[in-house]
Structures are given as structure tokens and as C-alpha cells.
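Coordinate inspection notes
What follows is each chain in one-letter form.
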Amino acid sequence: GLYMSRCSEVNSSGNKSESVEMVWSDDFEGDDLNSDKWTPITGDGCPENCGFGNNELQYYSNQPQNVTVSDGTLKITAYKDSVNEQSYTSAKLVSRAKGDWKYGRIEVKAKLPEGKGTWPAIWMLPTLDRKMKWPLDGEIDIMEHVGYNQGMVYGTIHTKKYNHIEGTQKSDSIYLEDASEVFHVYGLDWDQEKMVWSVDGKEYLTITKDNEDYKGWPFDQEYHLILNLAVGGNWGGKYGVDDSIWPQTMEIDYVNVYQKQ
């Protein structure tokens, strides 16, 4: 692919740079979610962290209507649940302990849902052997989209020093007119010096480590991937939730992870 062809670039010292290899991938062939790669999270975050700390409205389930693998793609679908007037079902998949990386290039080819109240995300959290302290231990948002601002996709980090609670998060966005009509490749290049966000290879955000300590750069440790579609919440539901749009789906064609060898 595009990325592999760049492996033999000559670096500034005149030597060939390290080769890059795919170390983990899922192209969602077959009819079932690969349980060697993904764990579905179930529940609503209660009692400890109701609505996952963002007042989200969905209950995450692992039932087939919410997590479907068919025709070569993964579909994460949110439904307005007729059983409970207020509730929605959706899904959240994590690669923790099944796909954990320190540095690399992550590429996720996805097509996004649309409509007010949808909040899909492709993101990463650290794989720790203790309870995570947020935002101290870091969060990497490769792609977030809120349906009330159709087509604007965001890349962001959250750390102790830079986070949305204090309004100091480091973030940028890029506008994609057809984000919900066609697939785009959401990419993150991450090494010990910097992170670069891209869509279809077009870079739109670079964050460098510079002289930051752990409070500004907790990213020199293993992280895992999270795919989810939230409903409502502090950001996704900022202007309410359109009851007429459900079900809505985030569809994923593949996840590829490359590392320098």
C-alpha cells in the first residue's frame, strides 16, 4: 500500500531508514468479530462512571444488531431502543491485551454515521497494569465526529497539562464533505518525537513532544485501540439528539498497524 512504498526512503544521514512492517491488522472478513483481536465492552459505565463520564445515552451491547461483521466490513450500529423510551444501544470494541503498541502508524478505514446525537470515535488509551488516571495517563483521539457538525473530523490529545476540562486540549480538525458517504483512511503516525494525524494521507495535525514531561506527553508507553459509537453526551448531544435518524452505523473496512522494525 501507500505506506509500505515509503519504507525505503533515504533519511538525512544518507542511510536507508528502518523498514516498516504490518504488525497487527483486521480486515473483517468472515461473519464474526475476531475475539483474538477485540473485546466488546458492555454496559453504560454505571455505577462508577455513568455515561462514561460524558453523560452519554447509550448502553453498549455485544448483540449482533450492534456489532456485525459482514461483506468485509465491521458495522457498529446504534439503535433507539424501543424497550426504553430514553435509551439507545450501541457498541464499543477495545483491542486491549490483544493489540497494544508503543509507537507505530495506525490506519483505520471508516465511513461515519450522520445525524444530531451521533458521536463516533476511533481512539486510544494506555494499556496499564493499574487503574488508569485520566487525563494524566493520556488519551489519543485519532478521529472524532459529532453529527451536529457534519463532516468536521477531529484529532486530539488529552493529558494532565492539555485536556478539555481546562480547555487546553491540543486538537485540530479537517472538513470532509462526504465523511458519511464514502470511506476515508484515518491515520496516526506516532513515535518518540511526535504524532501526526492524517486523512487519506493528508496531514492536518502535528503534535511534538519537545521538552514535555509525563504531564504533557504520557505517550512513551503501550496504548490500545478503541472503536465506538456514542449517542448524545456532553459533546455529541450538545444540541440534542434527533430521534428520527436511528439506526446509525459507523462502518469499518480495516484496521492496520505498522511499526518500524
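Everything in this summary refers to the structure shown in the same document. (Residues numbered from 1 in each chain as written. Predicted model: local features only at pLDDT ≥ 70, side-chain atom pairs only at ≥ 80, totals over all residues. Heavy atoms only, no water.)

Of all 9 residues in strand β10 (residues 118–126), 9 are buried, a share of seventy percent or more. One ladder, built from 9 bridges, connects β10 with strand β17 (residues 223–231); its direction is antiparallel. Bridge pairing in β17 links Trp123 to Ile226. Taken together, the 4 bridges between β10 and strand β11 (residues 139–145) define a ladder with antiparallel strand orientation. Note that in β11 the partner of Met124 across the bridge is Ile140. (Buried < 20%, exposed > 50% of the residue type's maximum accessible area, 1.4 Å probe, protein only. Helix = DSSP H or I, 4+ residues; strand = E, 2+ residues; numbered from the N terminus. Pairing = 2+ DSSP bridges.)

When charged atoms on two side chains of opposite charge get close, those side chains can pair. For the structure on display, the rule yields 8 salt bridges. Ionic pairing is found between Asp189 and Arg105, a salt bridge with its closest N-O pair at 2.1 Å. Pair noted here: Asp189 is in strand β14 (residues 184–190) and Arg105 is in strand β9 (residues 104–111), with a separation of 84 residues, a long-range link. Taken as a pair, Asp189 and Arg105 share a single burial class, namely buried. (Salt bridge = Lys/Arg side-chain N within 4 Å of Asp/Glu carboxyl O.)

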